[in-house]
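A structural walkthrough
This is what each chain is made of:
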Amino acid sequence: MSSPTSPLDETRPTVGFIGLGNMGSGMTRNLQAAGFPLVVTDVRRESADELVAGGARWADTPREVAASSDLVITMLPTPKIVADVAGGADGLVAGLPDGGTWIDMSTSVPEVQAGVRAAEEGRGLHLLDAPVSGMSVGAADGMLQIFVGGEAEDIERLRPVFEAMGDPERILHVGGPGAGYAVKLMINQLWFSHLVATAEVLSVGVAAGVDLGVLRDALVASPANSTFVTRDVLSILDHGDYDEGFAIALACKDLGLSVDLARSVGMPVELSSLVEQIFRRARASYGDRAGEMTPVKLYEELLGRDLRREVHA
């Protein structure tokens with residue numbers, strides 16, 4: 001194994017990766033394509049078949065992953081699962097050597113790593129929070145945006161790992177420990193708010209007799225434009241795709257974490273709380289596995305038609 005403090009651009013250290021779902025599967029394929037040896041585990045053994053066929057090693061426990069790797073990455077659905085994977089006799093923390101590195105790329109909260117940092121003080125562990133944006137498409141394409149909280153020297157040391165998974169121009173050091181989690185929650189909150197606001201505006205405009213394509217083009221040309229209006233909403237307007245790659249149950253989890261963060265710092269967030277309730281209503285109506293953009297369907301039902309624009313060849 002390489003030293004935990006050696007520059008990673010001089011070698012290809014073994015990366016342990018825990019969590020091979022919609023995001024983790026693409027991230028690990030890109031790490032493997034970039035030449036990083038992998039040790040992986042997941043609750044579903046079959047999720048690792050392609051990686052193992054490509055040379056990755058399967059591990060039965062998070063502890064084994066950490067003990068067999070130069071650094072460990074987690075990409076998991078909830079803070080509770082992150083805590084469960086990190087702790088206990090078979091947890092990754094038990095397998096980390098002194099001076100080892102753990103990068104949590106989940107959308108989570110600072111408390112889990114903060115607890116590890118306090119409990120393992122003196123071991124010289126390098127803990128970073130590095131959640132991502134870009135959805136499963138960005139994970140598959142290796143073009144994620146990565147928001148890293150931690151020490152600057154650690155981030156530079158690990159840059160080749162991040163660049164294998166993300167857009168080099170959008171790998172941002174956003175602050176100390178926990179800052180990555182906070183930035184990602186705020187990004188999610190604003191994106192979800194854009195989704196609800198856009199669904200309302202398009203539905204009202206169409207109900208008032210404006211052509212959907214014309215209305216959307218007018219919004220793009222206006223001061224009210226956003227990345228959501230320019231790009232993301234087109235998956236619905238052109239393809240009827242509500243992004244089932246990210247389940248609405250997870251979107252509701254993220255919204256809850258965002259509102260909880262606001263509460264913890266004493267900030268009132270009336271709009272964010274309303275957006276959370278709209279998402280929870282969509283989840284109740286369409287089920288946990290519905291796509292994260294499914295709240296648009298609530299407005300389509302009120303409108304009495306799907307929001308689809310004519311696509312000309």
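Residues numbered from 1 in each chain as written. Predicted model: local features only at pLDDT ≥ 70, side-chain atom pairs only at ≥ 80, totals over all residues. Heavy atoms only, no water.

Structural notes on helix α1 (residues 22-33)
Compared with an ideal rise of 1.5 Å per residue, which puts 12 residues at 16 Å, α1 spans 17 Å between its outermost C-alpha atoms and is within 8% of the ideal. All buried positions along α1 are accounted for by Met-23, Gly-24, Ser-25, Gly-26, Met-27, Thr-28, Asn-30 and Leu-31. (Helix = DSSP H or I, 4+ residues; strand = E, 2+ residues; numbered from the N terminus. Expected span 1.5 Å × (residues − 1). Buried < 20%, exposed > 50% of the residue type's maximum accessible area, 1.4 Å probe, protein only.)

Considerations on the packing of aromatic side chains
Tallying each qualifying case throughout the model produces 3 aromatic pairs. With 5.6 Å between their ring centres and 75° between their planes, Trp-191 and Phe-192 make a pair best called edge-to-face. Residue Phe-192 is classed as buried on the basis of its relative accessible area, which comes to 2%. Judged by centre distance (5.3 Å) and plane angle (75°), the ring pair of Trp-191 and Phe-228 falls under edge-to-face. In this pair, Trp-191 is assigned in helix α10 (residues 179-207) and Phe-228 in helix α12 (residues 227-232), connecting sequence segments 37 residues apart. (Phe/Tyr/Trp six-rings, centres within 6.5 Å; stacked < 30°, edge-to-face > 60°.)

Brief notes about unusual backbone geometry
Phi is positive for Met-135, which is not a glycine, with a value near 60°. With respect to the helices and strands, the residue Met-135 is situated in helix α7 (residues 135-141). We classify Met-135 as partly exposed; its relative accessible area is 31%. Even without a glycine there, the phi angle at Asp-243 is positive, about 60°. Structurally, Asp-243 is set in the loop between α13 (234-239) and α14 (248-264).

Focus: the pattern of salt bridges
A side chain with one charge can pair with a side chain of the opposite charge if their charged atoms come near. Scanning the model with the defined rule gives 18 salt bridges in all. Of the charged contacts, one joins Asp-254 and Lys-253 as a salt bridge, the two residues approaching to 2.7 Å between their closest N and O atoms. On the basis of relative accessibility, which here comes to 17%, the residue Lys-253 falls in the buried class. The partner of Glu-300 in a salt bridge is Arg-308, with the nearest N and O atoms 3.0 Å apart. A relative accessible area of 3% means that Glu-300 is categorised as buried. Accessibility expressed as a relative area gives 26% for Arg-308, which makes it partly exposed. Taken together, the shared-partner salt bridges connect Asp-98, Glu-120 and Arg-123 into one network. (Salt bridge = Lys/Arg side-chain N within 4 Å of Asp/Glu carboxyl O.)

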